[in-house]
Amino acid sequence: MLATTYAVPAILVFVTSALLILVGALGVISVKNPVHAAICLIMTLFGVAVAFVAQSADFLAAVQIIVYAGAIVVLFLFVIMFLGVDRNMQVSVEPLVGQRAFAGAGVVITVAGLITLMATSHWVTGATSVSGSALATGQGNVKQLGTAVFTTYLFAFEATAALLIIAVVGAVLLARRERATTNEEVSA
Amino acid sequence: MNVPAAWYLVLAAVLFGIGAFGLLTRRSALIMFMCVELMLNAVNLTFVTFSRTLSDISGQASVFFVMVVAAAEVTVGLGIVVAVFRRRSSTSVDELSELKG
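(A) Spatial organisation of the overall build of chain A. If you tally the helices and strands in chain A, you get eight helices and zero strands. If you list the helices and strands of chain A from N to C, you get α-α-α-α-α-α-α-α. The buried share of chain A, taken over its 188 residues, is 34%. Within chain A, counting contacts between residues at least 6 apart in sequence, those at least 24 apart form 53% of the total. In the structure as shown, chain A presents an accessible area of about 11200 Å², 73% of it carried by carbon and sulfur atoms.

Here it is as structure tokens:
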């Protein structure tokens, strides 16, 4: 019945991305080794990229792979191995009694309530854009996104540039070893 | 025809829930950062789904900015993790309890 309503390739793509996303996400929160968690995170990010492509967000899918899987996860792996915490962690003990049960119940209630709320009303509300042509026409997703970023969202774009500079300076300051401390450690 | 937006929205909601559960239960700061990334990706997926359904590019522009902020957040966050590890030799957030009354 579903196959007659929606194209089979679209369903296959959705199922593939959903499997990648969910298996990866469950892996991130359950595996003991942080390196394995980072690999599972790549799997989830790749699944999200597949979902982006399926919804004609081509540029964002490329950025997702390059920035997230290429840069952020590599940064995670670098820190994991730099600190030498790539050994198995104890995940069976609960530091707070009943923490997992409460967290699970809270999350399930919230997500189920959210889905129920959306399902009982319209899933998507809001006015369909009339200014831009439909995204699905396939005429240059990059061009549309570039036009939006450099005209409507120009101020936000410039602000992110400043944010990135501040983040780089902050990270360098945080990770820098104090010179005086180093001398004391050497003399001691 | 593409699958309905509802499927992607439910998928994103479940992904957000998994990330939130991990953030609440795991005690390693590194894993908690990864769970934050999961939740941010769920939000990005929702943005793109709305963008496709409403034929509005603004959703994708928002995802662009979310990605930039996520990159900055991870950079500073991991810097903090490295700084904390220097003092405590541990990435567990349960160790950071100096402010407890």
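(B) How the structure looks around the interface of chain B and chain A. The interface is formed by 70 residues belonging to chain B together with 82 residues belonging to chain A. Summing both sides of the interface, chain B and chain A together bury roughly 6900 Å²; the carbon and sulfur share of this comes to 79%. Three residues, R26(B), M34(B) and M67(B), lead the burial of chain B against chain A; their summed loss comes to 10% of the area buried on that side. Counting the contacts that link chain B with chain A gives eight residue pairs in polar contact (both at pLDDT 80 or more). Those elements that place two or more of their residues in the side of chain B that touches chain A are α1 (5-25), α2 (29-54) and α3 (58-88) of chain B. For the side of chain B that touches chain A, the element with the most residues is α3(B), which contributes 23 residues. Among the residues forming the side of chain B that touches chain A, the class breakdown is 47 nonpolar, 16 polar and seven charged.

Basis of the calculations
- Here the residue numbering is sequential within each chain, running from 1 through the sequence in written order.
- Whichever chain is written first becomes A and whichever ligand is written first becomes 1, with later ones labelled in order.
- Local features are withheld for residues below a pLDDT of 70 in this predicted model, meaning they are given only at 70 or higher, and side-chain atom pairs are given and counted only at 80 or more; totals for whole chains, interfaces and linings count all residues.
- Excluded from the side-chain calculation are hydrogens and water; included are all heavy atoms of the structure.
- Here a strand is any run of E in DSSP of at least two residues, a helix any run of H or I of at least four, and the numbering for each starts at the N terminus.
- Relative accessibility decides the category of a residue: with a 1.4 Å probe and only protein chains considered, values under 20% of the type maximum give buried, values over 50% give exposed, and everything between is partly exposed.
- Contacts are assigned to residue pairs that have any heavy atoms within 4.5 Å of one another.
- Areas reported as accessible are Shrake-Rupley estimates using a 1.4 Å probe. Residue values count occlusion only from the protein chains shown.
- Summed over both partners, the accessible area (1.4 Å probe) lost when two parts come together is defined as the buried area.
- Between N or O atoms, a polar contact is any pair within 3.5 Å; within protein, one atom must be a potential hydrogen donor and the other a potential acceptor, and residues adjacent in sequence are included only when both atoms are from side chains.
- Under the grouping applied here, Gly and all other residues not named as nonpolar or charged are polar, the nonpolar ones being Ala, Val, Leu, Ile, Met, Phe, Trp, Tyr, Cys and Pro and the charged ones Asp, Glu, Lys and Arg.

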